Amino acid sequence: MWMRRPTRYLVLGTAYAAFAAGAAAQDPLRVASPDGRNEVSVEVREGRLQYGIRRDGRMIIMPSVLGFEFRGAPRLRDSLRIMGSSRSSTDTTWTQPWGEVARVRDHHNELRVSVVEAVMPQRRFGVVFRAFNDGVGFRYEFPAQPAIGEFEIMDELTQFAMANEARTWWIPSNISRLDRSEMLYASSPVSRLDSVQTPLTMESQEGTFIVIHEANLVDYPRMFLAGPREQNRTLRAALAPWKDGVKVRGRAPFQTPWRTIQMASRAEDLVPSLLGLNLNPPNVLPGTEWIKPMKYIGIWWGMHIGTMTWNSGPKHGATTETTKRYIDFAAANGIGGVLVEGWNIGWDGDWIKNGEVFSFTQPYPDYDLKGLATYARSKGVKLIAHNETSGGTVNYEKQMDGAYALYQSLGIDAIKSGYVADTTPEGHSHYSQFMVRHHRRAIETAAKHHIMLDVHEPIHDTGERRTYPNMMSREGARGMEYNAWGGEGGNPPEHETILFFTRLLSGPMDFTPGVFDILIERGTGRPRRPDEPRIRTTLAKQLALYITIYSPLQMAADLPENYEKQPAFQFIRDVKVDWDTTRVLHGKIGDYVLVARKARNSPEWFIGAMTDEEARSFDVPLSFLPAGQSYVAEIYADGPNAHWLTNPLPVTISSRPVNSATRLRIAMAPGGGQAVRIRPAQ
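Let me begin by describing the structure that accompanies this report. (Residues numbered from 1 in each chain as written. Predicted model: local features only at pLDDT ≥ 70, side-chain atom pairs only at ≥ 80, totals over all residues. Heavy atoms only, no water.)

This paragraph deals with the packing of helix α6 (residues 393–409) against helix α7 (residues 433–448). Contact pair α6 / α7: the axes reach a minimum separation of 10 Å and the direction vectors enclose 10°. Considered as vectors, α6 and α7 are oriented roughly parallel to each other. When α6 is examined against α7, the residues Thr393, Tyr396, Glu397, Met400, Asp401, Tyr404 and Gln408 are found in contact with a partner set consisting of Phe434, Met435, His438, Arg441, Ala442, Thr445, Ala446 and Lys448. Residue composition of the contact of α6 with α7, by class: seven nonpolar, four polar and four charged. (Axes fitted to C-alpha atoms, helices over the stretch in contact; angles between N-to-C directions. Helix = DSSP H or I, 4+ residues; strand = E, 2+ residues; numbered from the N terminus. Parallel < 35°, antiparallel > 145°, perpendicular 65-115°, else oblique. Contact = heavy atoms within 4.5 Å. Nonpolar A, V, L, I, M, F, W, Y, C, P; charged D, E, K, R; others polar.)

In this structure, Leu49, Phe129, Phe160, Trp301, Tyr404 and Tyr407 are the most contacted members of the largest nonpolar core, which totals 173 residues. Beyond its immediate stretch of four places on either side in the chain, tyrosine 404 contacts Asn387, Tyr396, Ile415, Ala442, Thr445, Ala446, His449, Ile451 and Leu453. Core analysis: the second largest hydrophobic core is formed by 22 residues, Ile607, Ala609, Leu625 and Tyr631 among them. (Core = buried A, V, L, I, M, F, W, Y, C linked by side-chain atoms within 4.5 Å. Buried < 20%, exposed > 50% of the residue type's maximum accessible area, 1.4 Å probe, protein only.)

What follows is about the sheet that holds strand β36 (residues 673–680). Read from one edge to the other, the open sheet built from six strands follows the order β29-β30-β31-β36-β33-β34, with strand pairing classed as antiparallel. Two strands in the sheet have a free side with no partner beyond their single neighbour: β29 (579–588) and β34 (651–658). With direction set aside, neighbouring strand axes in the sheet form an average angle of 15°. Taken together, the seven bridges between strand β33 (residues 631–638) and β36 define a ladder with antiparallel strand orientation. Paired with tyrosine 636 across the strands is alanine 675, a residue of β36. Across the sheet, helix α12 (residues 539–548) lies against β29, β30 (592–599), β31 (605–611), β33, β34 and β36, angled at about 125° from β31, the strand it touches most. (Pairing = 2+ DSSP bridges.)

Following the sequence through the fold, leucine 339 ends up in strand β23 (residues 337–340). Apart from residues no more than four positions distant in its own chain, leucine 339 is found in contact with Tyr296, Ile297, Gly298, Ile299, Trp300, Ile384, His386, Lys416 and Met555.

The element strand β2 (residues 38–45) is largely enclosed, with a buried count of six among its eight residues. Of the pairings in the sheet, the one linking strand β1 (residues 29–32) to β2 comprises four bridges and is antiparallel in character. Along β2, the bridge assignment pairs alanine 32 with glutamate 39. Here β1 folds back onto β2, and the loop between the two strands holds five residues, one of which, glycine 36, carries a positive phi near 80°. By the bridge criterion, eight bridges tie β2 to strand β3 (residues 48–55) in an arrangement that is antiparallel. For glutamate 39, the partnering residue across the bridge sits in β3 and is arginine 54.

With that out of the way, let us pick up the sheet that holds strand β28 (residues 553–555). Pairing is parallel in the open sheet, where seven strands are placed in the order β27-β26-β25-β24-β23-β22-β28. A strand with exactly one partner marks an edge of an open sheet, and here the two such strands are β27 (471–474) and β28. Put simply, the sheet's adjacent strands are angled 30° from each other on average, direction ignored. The pairing of strand β22 (residues 294–299) with β28 spans three bridges and is parallel. Looking across to β28, one finds that lysine 295 is bridged to glutamine 554.

Counted at 1.5 Å a residue, the expected span for α6 with its 17 residues is 24 Å, and the 23 Å between its end C-alpha atoms agrees. Where α6 bends most, at methionine 400, the angle is about 50°. Within α6, burial applies to Thr393, Asn395, Tyr396, Gln399, Met400, Ala403, Tyr404, Leu406 and Tyr407. On its buried face, α6 is in contact with α5 (369–378), β24 (382–388), β25 (414–418), α7 and β26 (452–455). Looking at the residues trailing α6, positive phi occurs at glycine 411, about 80°. (Expected span 1.5 Å × (residues − 1). Bend = angle between axes of the 7 residues up to and from the residue.)

Time to look at the packing of aromatic side chains. In total, this model carries 38 aromatic pairs according to the counting rule given. Ring centres of phenylalanine 70 and phenylalanine 151 lie 6.0 Å apart, and the angle between their planes is 85°; on these two criteria the pair is classed as edge-to-face. Remark: phenylalanine 151 occurs in strand β10 (residues 150–156) and phenylalanine 70 occurs in strand β5 (residues 68–70); sequence separation between them is 81 residues. For the pair formed by phenylalanine 70 and phenylalanine 151, the shared burial category is buried. Aromatic pair tryptophan 579 and phenylalanine 606: ring centres 5.8 Å apart, planes at 65°, arrangement edge-to-face. With tryptophan 579 in strand β29 and phenylalanine 606 in strand β31, this residue pair connects regions lying 27 residues apart in the sequence. Its relative accessible area of 0% is what places phenylalanine 606 among the buried residues. The ring of tyrosine 431 has arginine 222 sitting right over it, with the charged end atom 4.5 Å from the ring centre. (Phe/Tyr/Trp six-rings, centres within 6.5 Å; stacked < 30°, edge-to-face > 60°. Lys NZ or Arg CZ within 6 Å of the ring centre and 35° of its normal.)

For the coordinates displayed, the defined rule picks out 47 salt bridges. Arginine 112 is paired through a salt bridge with glutamate 141; the nearest N and O atoms lie 3.0 Å apart. Of this pair, arginine 112 sits in strand β7 (residues 103–117) while glutamate 141 sits in strand β9 (residues 135–142), and the two are 29 residues apart along the sequence. (Salt bridge = Lys/Arg side-chain N within 4 Å of Asp/Glu carboxyl O.)

Excluding glycine, most residues fall at negative phi; most peptide bonds, likewise, are trans. Across the junction of methionine 120 and proline 121, the peptide omega takes the value 10°, indicating a cis bond. Of note, proline 121 is situated in the loop between β7 and β8 (124–132). A cis amide bond links valine 271 with the next residue in sequence, proline 272, at an omega value of 0°. Secondary-structure assignment places proline 272 in the loop between β21 (258–264) and α2 (275–278). Phi is positive for glutamate 46, which is not a glycine, with a value near 50°. Within the secondary structure, glutamate 46 sits in the loop between β2 and β3. The phi torsion at serine 79 lies on the positive side, around 55°, for a residue other than glycine. We classify serine 79 as partly exposed; its relative accessible area is 34%.

Right, let's get into α12. α12 sits mainly inside the fold: ten of its ten residues count as buried. For α12, the complete set of buried residues consists of Leu539, Ala540, Lys541, Gln542, Leu543, Ala544, Leu545, Tyr546, Ile547 and Thr548.

In this section: the environment of leucine 406. On the secondary structure map, leucine 406 appears in helix α6. Leucine 406 sits in the buried class, given a relative accessible area of 19%. Separated by 89 residues in the primary sequence, leucine 406 and glycine 317 place their C-alpha atoms 22 Å from one another. Those residues in contact with leucine 406 that lie beyond four places of it in its chain are Thr361, Leu369 and Lys370.

So, about the pairing of β25. Among the five residues in β25, five count as buried, and that is most of the element. Alternating residues of β25 divide into Ala414, Lys416 and Gly418 and Ile415 and Ser417, and every residue in both groups is buried. In this fold, the crossover linking β24 to β25 by way of α6 has right-handed handedness. Looking at chain direction, β25 and β26 are connected through four bridges and run parallel. Within the sheet, the bridge partner assigned to isoleucine 415 lies in β26 and is leucine 453. Assessed by its sense of winding, the connection that carries the chain from β25 through α7 to β26 is right-handed. (Right-handed = clockwise from strand over helix to strand, strands pointing away.)

No statement about biological role is implied by the geometric values presented.
Printed below as a string of structure tokens:
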């Protein structure tokens, strides 16, 4: 079991501890962010430890209770005293191997509060608060002590008592025990929430944006938020369970993940979200030169639209012949990788229930794994191996070391894994401590074999990529595939503009953009009717998604034949996937997003803009460009009369000289977007 001793506990004598407890009841302990705008207060009221948060003097979170409920022991919530506290400050800057930004400043003030029960068994714990300019994080720490050895937590009693009736954007959890993240977002007042997933994004009545999430999730279950009771505004931590209902099994010393409250005065200031990264430990890998962001194509979309199958047979997609064709296409277009799904034994029959059947080393007879890996290397392309577990983690872990070693020997340095299951075969929640332990083992084992990970049906992102930069991307939301067969007809035009300010705040998403066959004619032989599942964007918006929906592993999802003789495909050839700087130019949740990103180790900038079902236009100052330098803007815009529903395909491609004084007109059709590459003038 993963454990770490608390780093700094202030030890006080009994007499001074009693004095400190009494003082704390009268005078709350406080810690403020370096800019003074965010302030945390901590105190004991009627024997209960509580915290509250203010921003610019206004309450964001009212006094909220902290504590735990244990199996076979009293609640650790009542009859508490503050033993003492300590403070520290940090101001450092660190560099990401890859990311939305290259350099991250970790500037915070910390308050550590030591707490003890005033009654037997006098259990001790600590709560650490860190106040940043962009939010607050706190976590619990249990030091080694006679009163706490092995324990079982039945509930975490952490509360988030919202100060006013904020508007929220959310997806549900615990619907018929199916805790899936692949759902459409809804919006409602916070008082009407039931049980929701994080990140939970809110806008207060005063216009402050608040995001509740978690960071550094290790050896602990995922946190959901249970909705208010009796129409108040207090959210409560809700943890995913083991089969028997226990939430956490552990032994002191022990520490929980951080609970994070990101805050901003504008929606645009929520991105890039760096709070969670700063609350994760630094990179532990001895070298990261083998970790390389890239674009990829794949034998994947054909399964979703019905032109191929995962299983063996006449329409089997993962054949040697087809894979070579994809490798050739990737090599000819400067695309780094080829994902192949359905290559390995286990897909025949009901593969969703084949968690104990899959082999991760044995290919189907019509797929030459070793030969294709060699062929890909000769073309300067990497194979990406797909590992679908169907939730059978025990089967996967038995094969993991051997499979990863095989991939490493073949030069396969990236895996897309999948966990299509609502519970494990053992009956544990998909997001339980059992599964969190599994995912950490997969990350660590992959790192040992120099393998990058792209995880589908994942535990949500909590910043692990800082510690293990080979944890590249993940799904964890409703992506492109729902446009092929989603029961609601596909993702609505507003969907991506909500994802940007919700799911994407936790980390990169493998959304799989770039489908040019908007009407999915390849799969049906005819254009789809408006009521059938199809892509609910314009083609220009598909290009914009490469900038707005961030992933270091970015897929060109369509069939290669749908890119042939398409001038707009040049943008996918040119776009970068690793960034030095990110600036959100305009944004409104559910309506529109305009973001500019500067490529890592390059003078090029890219702008992505997307809108919902409404047409919109903006004049964008290019003042972020260096003064005195000349550039060319290559613009991919919605064409004449473009419309996501009735006319999604027109794209106008143009170029013009620009510099730092230019104001660039960004015009978007309903459901449309615009993609711009800005390169130095030659």
